[in-house]
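So you can see what is in the structure, the chains are spelled out below.
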Amino acid sequence: MRSLSSGLALLLLSTSQAVAQNSGTFDILSFNVAGLPAILNSNGVPGNKRDNTARIGQLLTQYNTSLIHLQEDFAYHDTLYENAQAHPYRTETSGNVPFGDGMNTLSNFAFEGFERVKWNRCSSITAADCFAPKGFTYMRVKVAEGVSIDAYNIHADAGATLLDKRAREDNLRQLSNFIKTRSGTNAVLIFGDLNSYYTRSGDVPQIFRTDNGMKDVWIELIRNGAEPADNDASVPNCGVPAANLNCEILDKVFYRGSPTLALQAISFKYASDVYKQESGEIISDHNPVYVEFAWSRA
Ligand SMILES: *[C@@H]1O[C@H](CO)[C@@H](O)[C@H](O)[C@H]1NC(C)=O
């Protein structure tokens, strides 16, 4: 009896040691999947949107990225989820336009506290942004036992007129303020479609650096820390697929660690080389962004 219980104690001890993981890696993908109803917007993507969405789901299964933020997951959502088989944790759709916000998350990590927040301000000068209740989503993702990161998906107002820019600045400020209260000193990830260029005057993606202490992975790993200036002609906007990593896209990835969690981005790429049609044609009018992170308990 005695040896049995000490054996049991040993077993429990080794189990809890295995659970108390102290460091690790994970990867993330941000992807605007161009899922507006084809009748409203072809997005300039060849082929049939439902077939393309099915293939996106299959590729998401194949590459099995740990945490995926989707935007414009509207009219073909059911097809996407039917084909995206790998991820056990996923948000429920908020619906097609004009009811849903198009944002969803697929995750290999459990999460809690999921919330959708609508922007206070929108501008339909370009891109009918007020047609769908766009905004951001929040969730606390459990990366390991006792290790959590607050993850925000985002789809900001589109367009380049003054009113679009004002709406978008208000959007980013709204999220920045939300993070201050909701996340406190926690580790944070923001990845999604900011609809913002550093090179476009009036766009303010740097707010998450200045006001929330976060780093943009593209700026850190590809540009050695240098944010492009307004109208910097040496930094073109990318096409799809992106010609290289030096051009800029509207979709961005920001992160920070916390006093108890060291977080470091270790790779960055535009993933249109793998997310494409079988024929090689583009599958969305956005490049997906793929980043790997390393974490350790601080
Ligand atoms: C996806 O990755 C997780 C680990 O993050 C693994 O447990 C799971 O088996 C993988 N699923 C597929 C379908 O490859």
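Residues numbered from 1 in each chain as written. Predicted model: local features only at pLDDT ≥ 70, side-chain atom pairs only at ≥ 80, totals over all residues. Heavy atoms only, no water.

Colleague: Please explain the overall build of the protein chain as it appears in this structure.
Modeller: In terms of helices and strands, the protein chain carries six helices and twelve strands. For the protein chain, the C-alpha radius of gyration of 20 Å lies close to 19 Å, the compact-globule estimate for 298 residues. Projected onto its principal axes, the C-alpha coordinates of the protein chain cover approximately 75 × 40 × 35 Å. Each of the 298 residues in the protein chain was classed as buried or not, and the buried ones make up 51%. Counted over contacts in the protein chain with a minimum sequence separation of 6, partners at least 24 positions apart contribute 72%. (Helix = DSSP H or I, 4+ residues; strand = E, 2+ residues; numbered from the N terminus. Rg over C-alpha atoms; globule rule 2.2 N^0.38 Å. Buried < 20%, exposed > 50% of the residue type's maximum accessible area, 1.4 Å probe, protein only. Contact = heavy atoms within 4.5 Å.)

Colleague: Looking at this model, I keep getting lost on the sheet that holds strand β10 (residues 251–256). Mind explaining?
Modeller: Strand pairing in a sheet relies on backbone hydrogen bonds, with the paired strands running either antiparallel or parallel. Pairing in this open sheet of six strands is mixed, and the strands run β5-β6-β7-β8-β10-β9 from one edge to the other. Each edge of the open sheet carries a strand with a single partner, namely β5 (111–118) and β9 (215–216). (Pairing = 2+ DSSP bridges.)

Colleague: When you look at the site of the ligand in this model, what are you seeing that I'm missing?
Modeller: The local shell around the ligand consists of Asn64, Ala86 and Asn108. The contact in question runs from an oxygen atom of the ligand to an N or O atom on the side chain of Asn64, over 2.3 Å. (Near = heavy atom within 4 Å. Polar contact = N/O pair within 3.5 Å; in protein donor to acceptor, adjacent residues only side chain to side chain.)

Colleague: Can you help me understand the packing of aromatic side chains in this one?
Modeller: The geometry of an aromatic ring pair comes down to the distance between the two centres and the angle between the two planes. A complete count under the given rule lists 15 aromatic pairs for this structure. Where Phe136 meets Phe178, the ring centres are 4.9 Å apart and the plane angle is 70°; that geometry is what we call edge-to-face. Placement of the pair is Phe136 in strand β6 (residues 135–144) and Phe178 in helix α4 (residues 162–183), with a sequence separation of 42 residues. In this pair, the class of Phe136 matches that of Phe178, namely buried. Pairing Tyr138 with Tyr152 gives two aromatic rings, centres 5.4 Å apart and planes at 55°, and the pair type is tilted. Taken together, the positions of Tyr138 in strand β6 and Tyr152 in strand β7 (residues 147–154) put the pair 14 residues apart, joining distant regions of the chain. Both residues of the pair, Tyr138 and Tyr152, belong to the buried class. Through successive ring pairs, a cluster of aromatic residues spans Trp119, Phe136, Tyr138, Tyr152 and Phe178. The residue whose ring lies beneath Arg90 is Tyr81, and the NZ or CZ to ring-centre distance is 4.7 Å. Just above the ring of Tyr138 sits the side chain of Arg182; from NZ or CZ to the centre is 5.0 Å. (Phe/Tyr/Trp six-rings, centres within 6.5 Å; stacked < 30°, edge-to-face > 60°. Lys NZ or Arg CZ within 6 Å of the ring centre and 35° of its normal.)

Colleague: What am I meant to see in unusual backbone geometry here?
Modeller: When glycine is set aside, most residues are seen to have a negative phi, and most peptide bonds are trans. That bond from Val97 to Pro98 is cis: its omega, 5°, falls within 30 degrees of zero. Mapping Pro98 onto the fold places it in the loop between β3 (89–90) and β4 (104–107). A cis amide bond, omega 0°, links Val240 with the succeeding residue Pro241. Within the secondary structure layout, Pro241 lies in the loop between α6 (217–222) and β10. One non-glycine residue with positive phi stands out, namely Asn43, at about 60°. Within the secondary structure, Asn43 sits in the loop between β1 (23–32) and α2 (49–63). For Asn43, a relative accessible area of 12% puts it in the buried group. For Asn224, which is not glycine, the phi dihedral falls at a positive 50°.

Colleague: Just to check I follow, could you spell out the state of the cysteines for this structure?
Modeller: Scanning the entire structure with this criterion turns up one disulfide. The disulfide bridge from Cys238 ends at Cys247, spanning 2.0 Å between sulfur atoms. Linking Cys238 and Cys247, the disulfide has an S-S dihedral of approximately 100° and is accordingly described as right-handed. For Cys247, a relative accessible area of 4% puts it in the buried group. (Disulfide = S-S within 2.5 Å.)

In short, shape yes, function no, at least from these values alone.
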